[in-house]
Each structure stands twice: as structure tokens, then as C-alpha cells.
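Per-entry structural report
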Amino acid sequence: MKTKSILTALMLVGLVGAGTGIAQNKVYSQETWDLFCKQLALNLESQNTGVRNSAMQHISHYSMFPEFALCDKAIKKLIAIVGDSKEPTNVRILAVSALYNTGDPRGIEFFAKQLQCEKNPLICHLCRAALYHSAEGRDKYDQGTSLIADLGNSSR
């Protein structure tokens, strides 16, 4: 009985706390976002491809939130992954998408430079699509969708 009461109280406190965060339209603190972004940067350095891919998928997804800001190290690592022709194509595709979704101007500059030396036609296409969509001034919420849709159109 006592355990049931404690669990009920903890659930109510959790629900009230979650409701307060949502009501303020800020579920996580800036400190939490900063820690999350630092961890993503560390995961991009991992030797485990799955960990790196997961980090890039998280970057692509969470970059739509205004509080999300990748550190300098992570942006540079994404640029390095896209530019490394020894990386598997699927990893480079994820890196292009993640870098594009961050909206960082260094990524856009890099895509323009990469087009001059890139030999993989798929990566070239994605770099062109990223440049096109960024020049169009796409809304942050539409970025990932537009780039992935462009990738789907290229395979036809």
C-alpha cells in the first residue's frame, strides 16, 4: 500500500513537471541542450559506425528546435565526414543531411567547394540540392524533408 502511494505521488509529480515544461514551450533547459549537443559531437568521433550514424540522425531530427546548437567541433566533424571519399556513401549522405539541417553557413560554403572535387554523383547531387534549398531560404522545419525528397527524386 505504501509503495503504491509513493509510486502514484511520483507519477503525479512527473506529470505536473512535464505539463509545466510543455506549457512554457520549453521542455528542456539550455544546459540540457548543450550537454546533448556535446554528446552528439563525441559520438561523431566514435569508431562505431552505428553510433556515428545515430548521432547524425539525431542531429538531423533535433536541429529543427531553436534551442539546438551544435558545437564547432561537431560541425567540423560533419564536414570531414562528407569530404572523406573513403567513408561509405550512406554515411556521407547522413552527414550531408545533418550538416544541411544545422543551417550552419560553413556547411553551405563547404557544399559549394565540395562540388568542384567530388567524384560520387549522389553526393554531388545532394550538395547541389542543399545549395539550392538554402538559397531558396527554406524554413528550418522544412529543411530535412526537402533534401531527402530531392534524394528520392534523383534515384528515378
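The structure under discussion appears in the preceding block.
Considering the packing of aromatic side chains
Across all of its chains, the model carries 8 aromatic pairs by this definition. Here phenylalanine 36 and phenylalanine 68 contribute two aromatic rings whose centre-to-centre distance is 6.3 Å and whose plane-to-plane angle is 65 degrees, an arrangement assigned as edge-to-face. Linking phenylalanine 36 in helix α2 (residues 30-44) with phenylalanine 68 in the loop between α3 (49-62) and α4 (72-83), this pair joins segments that are 32 residues apart in sequence. A relative accessible area of 27% means that phenylalanine 36 is categorised as partly exposed. Connected via pairs of aromatic rings, a cluster forms that spans Trp33, Phe36, Tyr62, Phe65 and Phe68.

Considering the pattern of salt bridges
Tallied over the entire structure, the rule returns 5 salt bridges. Aspartate 72 is the partner of lysine 76 in a salt bridge, and the nearest nitrogen-oxygen pair spans 3.0 Å. On the criterion of helical spacing, the pair formed by lysine 76 and aspartate 72 is a turn pair, its members being 4 residues apart in helix α4. Owing to a relative accessible area of 37%, aspartate 72 belongs among the partly exposed residues under this scheme. Among the salt bridges present, the one from arginine 106 reaches aspartate 104, with a minimum N-O distance of 2.9 Å. A relative accessible area of 15% means that aspartate 104 is categorised as buried. Residues participating in the shared-partner salt-bridge network are Asp72, Lys76, Asp104 and Arg106.

Concerning the environment of phenylalanine 111
By the secondary structure assignment, phenylalanine 111 is in helix α6 (residues 105-117). A relative accessible area of 0% means that phenylalanine 111 is categorised as buried. The sequence separation of phenylalanine 111 and valine 96 amounts to 15 residues, and the corresponding C-alpha distance is 8.5 Å. Sequence-distant contacts of phenylalanine 111, that is, excluding residues within four places in its chain, are made with Val96, Leu99, Tyr100, Cys127, Ala130 and Leu131.

Thoughts on the state of the cysteines
The tally for this structure, following the rule as stated, stands at 0 disulfides. Cysteine 117 carries a free sulfur, and the closest cysteine sulfur to it, the one in cysteine 124, is 8.4 Å from it. Looking at the unpaired cysteine 124, the closest cysteine sulfur is the one in cysteine 127, lying at 6.6 Å. Of the residues examined, cysteine 124 reaches a relative accessible area of 9% and is grouped as buried.

About the cut-offs
Residues numbered from 1 in each chain as written. Predicted model: local features only at pLDDT ≥ 70, side-chain atom pairs only at ≥ 80, totals over all residues. Heavy atoms only, no water. Phe/Tyr/Trp six-rings, centres within 6.5 Å; stacked < 30°, edge-to-face > 60°. Helix = DSSP H or I, 4+ residues; strand = E, 2+ residues; numbered from the N terminus. Buried < 20%, exposed > 50% of the residue type's maximum accessible area, 1.4 Å probe, protein only. Salt bridge = Lys/Arg side-chain N within 4 Å of Asp/Glu carboxyl O. Contact = heavy atoms within 4.5 Å. Disulfide = S-S within 2.5 Å.

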